[in-house]
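# A closer look at the structure
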Amino acid sequence: MNNSDAHAQEHQESGDVMVEVTGCPKEDARAVFDVLRHSFVSDRPAADAPEEESEVRPTVWSATVDVTETREGASPTRLSGPVTVEAQGGYWAVDRLRRSLADAFTVKVVGTASGDQEQEVRLRLESRDAAA
């Protein structure tokens, strides 16, 4: 497949990535969603702040972002501790999301599940200075 064919195929696939954030305080979830909103179109409005649903069970916050068009990159953002992010979507879309998160955080891939046209990736985000 030549470059123009690959480019055309890329734009036929969905740019939507389902993102789930867990294992962190609501302030860290907000920081991750703020970075995603800065970089992409998101279904979470800026005023939509994550809230704790239970003190007993872990809370999972979710959003869908469209990575088709990338806005400017986010600047490094501080987290209080490691954050787990699950991203599910097409291969190029999930990779674009991961690269964008790397503008703001240290990103480690800690798990993957691959399908025919989609993949799920578990990422561990940390503040850049925490990993140094």
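What comes next is a walk through the structure. Quick caveat, the model's predicted, so the values are computed rather than measured. (Residues numbered from 1 in each chain as written. Predicted model: local features only at pLDDT ≥ 70, side-chain atom pairs only at ≥ 80, totals over all residues. Heavy atoms only, no water.)

Attention shifts here to the environment of Arg 71. For Arg 71, the position within the fold is in the loop between strand E3 (61–66) and strand E4 (83–90). Discounting residues that sit within four places of it in the chain, Arg 71 has contacts with Arg 37, His 38, Ser 39, Phe 40 and Val 41. At 3.5 Å, the side chain of Arg 71 and the backbone oxygen of Phe 40 are in polar contact. (Helix = DSSP H or I, 4+ residues; strand = E, 2+ residues; numbered from the N terminus. Contact = heavy atoms within 4.5 Å. Polar contact = N/O pair within 3.5 Å; in protein donor to acceptor, adjacent residues only side chain to side chain.)

A separate point is the pairing of strand E5 (residues 106–114). Judged from the 8 bridges that link them, E5 and strand E6 (residues 118–126) form a sheet pairing that is antiparallel. The residue of E6 that forms the bridge with Lys 108 is Arg 124. The hairpin formed by E5 and E6 contains 3 residues between the paired strands. (Pairing = 2+ DSSP bridges.)

What follows covers helix H2 (residues 26–39). Residues that lie three or four places apart on an α-helix share one face, since the helix turns once every 3.6 residues. With 14 residues, H2 ought to run about 20 Å at 1.5 Å a step, and its terminal C-alpha atoms sit 20 Å apart, in line with that. Along H2, the residues classified as buried are Asp 28, Ala 29, Ala 31, Val 32, Phe 33, Val 35, Leu 36, Arg 37 and Ser 39. Looking at the buried residues of H2, the elements they touch are strand E1 (16–22), strand E2 (41–42), E3, E4, helix H3 (91–101) and E6. (Expected span 1.5 Å × (residues − 1). Buried < 20%, exposed > 50% of the residue type's maximum accessible area, 1.4 Å probe, protein only.)

Take the nonpolar core next. The tendency in soluble globular proteins is for nonpolar side chains to be buried as a group. Val 17, Val 21, Val 32, Leu 36, Leu 97 and Leu 125 are the most contacted members of the largest nonpolar core, which has 30 residues in total. Sorting the residues of this core by element identifies E1, H2, E3, E4, H3 and E6 as the ones contributing at least two each. Tallying contributions element by element places H2 first for this core, with 6 residues. (Core = buried A, V, L, I, M, F, W, Y, C linked by side-chain atoms within 4.5 Å.)

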